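Listed here are the chains, written in short residue letters.
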Amino acid sequence: MPVFSTSALSRAALGAAGAAVAGIGYATLIERNAFTLREATLPVLEPGKPSLRVLHISDLHMMPGQQLKQAWLRELDRLEPDLVVNTGDNLSHQKSVPAVVQSLGGLLARPGIFVFGSNDYFAPVPKNPLKYFKKDHKRVFGDPLPWQDLRAAFTERGWLDLTHVRRDLEVAGVKISTAGVDDPHLKRDRYDTVAGAPNPLADLSIGLTHSPEPRVLDRFAADGYDLVLAGHTHGGQLCLPGFGALVTNCGIDRARVKGASRWGAHTRLHVSAGLGTSPWAPYRFCCRPEATLLTLVGAPPKKPAAESGRGRTASSEAVAR
């Protein structure tokens, strides 16, 4: 067996400790504030319909003093989205509502839809990070947050609260049928209140949920929704190169922890990695905070199996969850 000197072992230990400190510093001071705009194109509209620009924001976890995040958010209005979608967890402090409203700025003057998450209702609390590896760990809730004030601020400016309601709207010439549920992470979802196929006269159907729990995604997919938007996962928050997210903090698999995927034969799912973190876990690694500009375009016409060149039907092309 090789023999290592005490000095060599000490140098190795110091090197490992130094790397750990550098990694923590990077995750806490740099990547957590390295906000990025991600773009994706999803073919979910009827063929021939004009494209629709949808800005998906989620998991702001806003603290009053987070000036960098607030300034970056204010710039998003320059994208001129046709529709803004907010999938919850806006707050992390009793006094965060003004910071959220001011940061969203001009976006609140644009068409918008939203649902809330657990950190709109309750303040985050310290917890053992190892609990995230156990899906059924006991939930501990902090003090109540002023979600009613935030809801009033959003709805007074014209955004639609989709919590257990169905709404139809028209945006940029596209008729949209929408529905949403309260946060499944808190087991507050009541899908039966919005169950049923979306308006058949709509050009597009969108479902909202904060946490992308399979029981909710299955219901949206069974009802025939074109697109479901969610947040909550933070993209894993701590990811490893070549491996990805360590956990999802919900029931979906790691492959769907952020970005676009299919859920069943028809429905597209988009999960935002979000823009914030809990103040008790202020770090991100290999998972930058993000907002996403989704360009929704017409789906290509379905070809008969005989014309596909592969002898496969449309249903066999679907990616099951």
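Worth saying up front: this structure is predicted, and the values here are computed from it rather than measured. (Residues numbered from 1 in each chain as written. Predicted model: local features only at pLDDT ≥ 70, side-chain atom pairs only at ≥ 80, totals over all residues. Heavy atoms only, no water.)

**A word on the overall build of the protein**
Definition in use: Where helices and strands are cited, they refer to DSSP runs of H or I of at least four residues and of E of at least two residues respectively, numbered from the N terminus. Three labels apply to residues, based on accessible area from a 1.4 Å probe with only protein chains included: buried if under 20% of the type maximum, exposed if over 50%, partly exposed otherwise in between. Contact criterion: two residues are considered in contact whenever any of their non-hydrogen atoms come within 4.5 Å of each other. Per-residue accessibility takes into account occlusion by the displayed protein chains alone, with areas from the Shrake-Rupley method and a 1.4 Å probe.
Helix and strand counts for the protein come out as 7 helices and 14 strands. Taken across its 321 residues, the protein has 45% of its residues classed as buried. Nonlocal contacts in the protein, meaning residues at least 24 apart in sequence, comprise 74% of its contacts between residues at least 6 apart. About 15200 Å² of surface is accessible on the protein, with carbon and sulfur atoms providing 57% of the total.

**As for a nonpolar patch on the surface**
Which entries qualify depends on this criterion: Exposure above 30% relative accessible area and the absence of a salt bridge qualify a residue for a patch, where like charges join within 9 Å and nonpolar side chains (Val, Leu, Ile, Met, Phe, Trp, Tyr) within 5 Å. Any carboxyl oxygen of Asp or Glu within 4 Å of a side-chain nitrogen of Lys or Arg constitutes a salt bridge here.
Taken together, L238, L240, F243 and L246 make up a surface patch of nonpolar side chains, about 330 Å² in accessible area. Within the secondary structure layout, F243 lies in the loop between β10 (239-240) and β11 (244-245). When its relative accessible area of 45% is taken as the criterion, F243 is described as partly exposed.

**Comments concerning the environment of L186**
Its place among the elements puts L186 in the loop between β7 (174-180) and β8 (204-208). The buried category is assigned to L186, whose relative accessible area is 15%. Sequence spacing of L186 and R139 is 47 residues, and the spatial spacing of their C-alpha atoms is 8.5 Å. If near-sequence neighbours (up to four positions away) are discounted, L186 is found in contact with S118, Y121, F122 and F141.

**Side note on the packing of aromatic side chains**
Given two aromatic rings, their pairing is described by the distance between the two centres and the angle made by the two planes. So the rule is basically this: Pairing of aromatic rings covers Phe, Tyr and the six-membered ring of Trp, with a centre-to-centre limit of 6.5 Å; geometry is then stacked below 30 degrees between planes, edge-to-face above 60, and tilted otherwise. Either the NZ atom of lysine or the CZ atom of arginine qualifies as a charge over a ring when it sits within 6 Å of the ring centre and within 35 degrees of the ring normal.
In total, this model carries 9 aromatic pairs according to the counting rule given. Plain terms: the ring middles of F35 and W72 are 5.7 Å apart, the flat faces sit at 35° to each other, and that makes the pair tilted. Placement of the pair is F35 in the loop between α1 (6-30) and β1 (36-45) and W72 in helix α2 (residues 67-75), with a sequence separation of 37 residues. When the ring of F114 is compared with that of F116, the centres are 5.3 Å apart and the planes differ by 40°; the resulting orientation is tilted. Through successive ring pairs, a cluster of aromatic residues spans F114, F116, Y121, W147, F154 and W159. The ring of Y121 has R188 sitting right over it, with the charged end atom 4.0 Å from the ring centre. Cation over ring: R254 sits above F243, and NZ or CZ is 4.0 Å from the ring centre.

**Considering the packing of α2 against helix α3 (residues 97-104)**
Selection rule: Axis geometry follows a simple rule: fit a line to the C-alpha atoms, using only the stretch in contact for helices, then measure angles between N-to-C directions, giving values from 0 to 180 degrees. For this classification, Asp, Glu, Lys and Arg are treated as charged, while Ala, Val, Leu, Ile, Met, Phe, Trp, Tyr, Cys and Pro are nonpolar and the rest, including Gly, are polar.
In contact at an axis separation of 7 Å, α2 and α3 are set at 35° when each is read in the N-to-C sense. Contacts between α2 and α3 involve Q70, L73 and R74 from the former and A99, Q102, S103 and L104 from the latter. For the contact of α2 with α3, the per-class residue count stands at 3 nonpolar, 3 polar and 1 charged.

**Considerations on the sheet that holds strand β12 (residues 259-263)**
Note the threshold: Paired strands are those between which DSSP finds at least two bridges.
The strand order across the open sheet built from 6 strands is β6-β7-β8-β9-β13-β12, with neighbouring strands paired in mixed fashion. The open sheet is flanked by β6 (166-171) and β12, the only strands paired with a single partner. Across the sheet, the mean angle separating the axes of adjacent strands is 25° when strand polarity is ignored. By the bridge criterion, 6 bridges tie β6 to β7 in an arrangement that is antiparallel. Within β7, the position partnered with L169 by the bridge is I176. The strands touched by helix α6 (residues 214-223) are β7, β8, β9 (227-230), β12 and β13 (267-271); relative to β12, the strand with the most contacts, the crossing angle is about 65°.

**Overview of α3**
Of all 8 residues that make up α3, 6 are buried, and the element is covered over most of its length. Restricting attention to buried positions, one finds in α3 the residues V97, A99, V100, V101, S103 and L104. Among the structural elements, β2 (52-57), α2 and α5 (147-156) are those in contact with the buried residues of α3. G105 sits one or two positions beyond α3 and adopts a positive phi of about 45°.

**Some points on empty space enclosed by the protein**
This is how it is decided: Definitions used throughout: a 1 Å grid over protein atoms alone; a cavity as a set of points that fits a 1.4 Å probe which cannot get out; a pocket as an open set with protein on both sides within 12 Å along at least five of seven lines; a lining residue as one with an atom within 4 Å of a point. Grid points are joined across faces, edges and corners, and a volume is the space filled by probe spheres set on the points.
Counted according to the given criterion, the structure contains 1 cavity of 30 Å³ or more. Lining the largest cavity we find R32, N33, F35, H61, Q66, K69, L275, G276 and T277. For the lining of the largest cavity, the per-class residue count stands at 2 nonpolar, 5 polar and 2 charged.

Interpretation in functional terms is not warranted from these geometric data alone.
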